[in-house]
Amino acid sequence: MITSGISINHAAKIIKQEKAEISSIFVLLDRKEKQENYLDIIINSQDKKKCKINSIITIDDFISYLLEEKKLKKYAYKLIEYRKKLAIIRSNR
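Quantities reported herein were computed from a predicted structural model and do not represent experimental measurements.

Q: Hey, could you run me through the overall build of the protein chain in this one?
A: Each helix and strand counted, the protein chain has three helices and three strands in total. From first element to last, N terminus to C terminus, the protein chain shows the α and β order α-β-β-β-α-α. The buried share of the protein chain, reckoned over its 93 residues, is 24%. Pairs at least 24 residues apart make up 60% of the contacts formed inside the protein chain by residues separated by at least 6 positions. For the protein chain, the exposed area adds up to about 7100 Å²; of that, 56% sits on carbon and sulfur atoms.

This is the structure in structure tokens:
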């Protein structure tokens, strides 16, 4: 799941220490809290790279699934409300 990217940056540092190169980032669930499908990977102050994010599903996909399933529909509304609150917080920045 994509959050602030802290865990991705932590993993990137470990990968860099092993002399490997990052070409893309794969995540299970993209909450789409970032405007872009790219994330700046910061290894250290001199080493910054923009990497493409590939997700298996997005929060929109997940909400659509929940809305289709009668027993799970109530959870979809909670996620929709969360996204509305997040949009308000972002617009106030």
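Q: Help me understand the nonpolar core, please; the structure alone is not making it clear to me.
A: Here is a general trend for soluble globular proteins: nonpolar side chains tend to be buried in one another's company. The biggest cluster of nonpolar side chains holds seven residues, and these are Ile8, Ala12, Ile22, Ile25, Val27, Cys51 and Ile53. Elements represented by at least two residues in this core include exactly α1 (6-17), β1 (24-30) and β3 (47-58).

Rules of the game
Residues numbered from 1 in each chain as written. Predicted model: local features only at pLDDT ≥ 70, side-chain atom pairs only at ≥ 80, totals over all residues. Heavy atoms only, no water. Helix = DSSP H or I, 4+ residues; strand = E, 2+ residues; numbered from the N terminus. Buried < 20%, exposed > 50% of the residue type's maximum accessible area, 1.4 Å probe, protein only. Contact = heavy atoms within 4.5 Å. Areas by Shrake-Rupley, 256 points an atom, 1.4 Å probe, with all protein chains shown as cover. Core = buried A, V, L, I, M, F, W, Y, C linked by side-chain atoms within 4.5 Å.

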